[in-house]
Amino acid sequence: MTTKPKVALYWCSSCGGCEETVVDLDEAVLDVVAAIDIVFWPCAMDFKYADVEKLRDNELAVSFINGAIRTSEQEHVAKLLRRKSAAVIAFGSCACMGGIPALANLTGKNEIFRTSYLHSPTVVNKEGTVPVETSVNAGFTLTLPRFFETVRTVSQVIDVDYFLPGCPPTPTLLAAAVNALLQGKLPPKGSVLLPEKVLCSSCDRNATKPDTMCVDEIKRINRVAADPAKCLLAQGILCMGPVTRDGCGFPCVKGNMACTGCFGPVDNADQGARMISALGGIIDAEDDGFKKAVADVIDPAGSFYRYSLSTSLLGAKREDGAL
């Protein structure tokens with residue numbers, strides 16, 4: 001009898017959308033389950049960390065780790081899965097680039113706690129209580145995971161074999177990754193399991209892009225009636241397609257919404273810096289006129305580094321207690 005490859009799935013700091021991708025395989029999930037043996041998936045099945053600890057080193061064929069690393073528990077499990085896995089795939093934008101959680105790197109742990117537990121309008125906390133790692137109550141000691149100062153990608157904590165970004169990756173891409181694994185057709189270690197080209201190259205609206213792009217201002221899409229047939233950037237709407245990796249099938253653009261860049265950059269570039277550079281080349285304005293032209297970009301970090309802050313040139317504050 002042939003032994004099926006053992007697979008683990010783990011959810012770190014993320015929204016859970018990557019777990020939904022597995023469910024969204026629909027009936028194809030039955031084929032996946034028939035071909036592999038899922039031995040650790042806390043989100044869906046009752047597994048314990050002890051179940052992983054009992055495995056031999058490299059006994060797992062692959063671990064899909066989604067989410068960024070925010071706590072000591074997540075770091076511990078990521079390192080445990082690395083030791084037990086022949087291959088690790090960073091699954092989703094948070095795992096690959098930090099994702100939305102990494103926007104918290106623009107501030108510090110203490111400020112996050114102050115905002116969340118002391119100053120939020122809906123919080124009633126007269127005692128000023130904030131989480132601590134260790135507390136004693138009625139003779140019992142409670143220990144919580146350490147909340148790190150910095151949100152890190154999976155590859156900033158452990159060695160990663162392959163990367164599959166997306167918020168979330170599509171079920172088609174997940175199925176392709178599993179099939180490549182089963183067939184032994186994975187690319188060289190360190191590869192991103194997506195095309196090495198930008199989204200604009202495949203976008204249905206690419207043919208409407210003018211040879212020379214020139215706009216007089218950047219507009220928020222909720223303030224204009226976007227033409228569903230024309231290039232969004234040519235309409236002055238911030239679309240990250242020129243600096244974002246292809247592979248998603250551009251569902252956002254098909255829904256007349258601009259690409260927000262969730263598949264990350266090509267060539268390991270700084271995605272935000274590339275987009276800012278691109279805008280500098282197409283906005284027809286100078287000095288104060290340029291400031292007015294980009295006035296509608298009210299959240300530059302959230303617009304240009306929505307998914308990639310942990311891997312960007314901006315860096316992050318890394319000393320605990322700095323803020």
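Above: the structure in question.
Residues numbered from 1 in each chain as written. Predicted model: local features only at pLDDT ≥ 70, side-chain atom pairs only at ≥ 80, totals over all residues. Heavy atoms only, no water.

> Just to check I follow, could you spell out the nonpolar core for this structure?
When a protein is soluble and globular, its nonpolar side chains tend to lie buried together. Phe64, Ile65, Leu81, Val154, Ile158 and Leu164 are the most contacted members of the largest nonpolar core, which totals 51 residues. Among the elements that take part in this core, helix H7 (residues 171-183) stands out by supplying five residues, more than any other. Within the second largest apolar cluster, 31 residues are counted, among which are Ala68, Ala102, Met275 and Tyr305. (Core = buried A, V, L, I, M, F, W, Y, C linked by side-chain atoms within 4.5 Å. Buried < 20%, exposed > 50% of the residue type's maximum accessible area, 1.4 Å probe, protein only. Helix = DSSP H or I, 4+ residues; strand = E, 2+ residues; numbered from the N terminus.)

> Looking at this structure, how should I read unusual backbone geometry?
Note: most peptide bonds trans; most residues except glycine with negative phi. That bond from Cys167 to Pro168 is cis: its omega, -5°, falls within 30 degrees of zero. If you trace the backbone, Pro168 turns up in the loop between strand S9 (162-164) and H7. If you check the backbone angles, Asn256 has positive phi at about 65° while not being a glycine. You can see Asn256 is positioned in the loop between helix H8 (251-254) and helix H9 (271-282). Here the phi dihedral of Asn268 falls at roughly 55°; this positive angle occurs in a residue that is not glycine. Within the secondary structure, Asn268 sits in the loop between H8 and H9.

> Looking at this model, I keep getting lost on the pairing of strand S3 (residues 62-66). Mind explaining?
Within a regular strand, side chains alternate between the sheet's two faces. Taking burial as the measure, the five residues of S3 include five buried ones, the bulk of the element. With burial as the criterion, each face of S3 is covered, one bearing Val62, Phe64 and Asn66 and the other bearing Ser63 and Ile65. Examined bridge by bridge, strand S1 (residues 6-11) and S3 share five bridges and lie parallel to one another. Bridge pairing links Tyr10 to Ile65 in S3. Where S3 lies against strand S5 (residues 88-91), three bridges are found, and the strand directions are parallel. If you follow Ser63 over to S5, its bridge partner there is Val88. (Pairing = 2+ DSSP bridges.)

> What should I look at first to understand the environment of Thr71 in this one?
Mapping Thr71 onto the fold places it in strand S4 (residues 69-71). Residue Thr71 is classed as buried on the basis of its relative accessible area, which comes to 15%. For the pair formed by Thr71 and Thr150, sequence separation is 79 residues and the distance between their alpha carbons is 9.3 Å.

> I keep staring at the sheet that holds S1 and nothing clicks. Help me out?
Think of a sheet as strands paired side by side through backbone hydrogen bonds, with each pair either parallel or antiparallel. As summarised here, the arrangement of the five strands in space is S2-S1-S3-S5-S9, forming an open sheet in which the pairing is parallel. Single-partner strands in this sheet number two, and they are strand S2 (37-40) and S9. Geometrically, the sheet is characterised by an average inter-axis angle of 25° between neighbouring strands, direction not taken into account. When S5 meets S9, the two strands line up parallel, connected through three bridges. When the bridges of S9 are listed, Ala90 appears paired with Phe163. The strands that helix H4 (residues 72-84) touches are S1, S2, S3 and S5; relative to S1, the one it contacts most, it runs at about 165°. (Axes fitted to C-alpha atoms, helices over the stretch in contact; angles between N-to-C directions. Contact = heavy atoms within 4.5 Å.)

> Which parts of the structure should I look at to understand empty space enclosed by the protein?
Under the defined criterion, the tally for this structure stands at three cavities of 30 Å³ or more. Looking at the largest cavity, its volume works out to about 130 Å³. Lining of the largest cavity is provided by 14 residues; of these, Cys200, Cys203, Cys231, Leu232 and Cys239 occupy positions nearest its centre. Residue classes in the lining of the largest cavity are distributed as 10 nonpolar, two polar and two charged. Counted as a void, the second largest cavity has a volume near 80 Å³. Taken together, 14 residues make up the lining of the second largest cavity; nearest its centre are Cys15, Cys18, Cys94, Gly166 and Cys167. (1 Å grid on protein atoms, 1.4 Å probe; cavity = no way out; pocket = protein on both sides within 12 Å on 5 of 7 lines; lining within 4 Å. Points joined across faces, edges and corners; volume = space filled by probe spheres on them. Nonpolar A, V, L, I, M, F, W, Y, C, P; charged D, E, K, R; others polar.)

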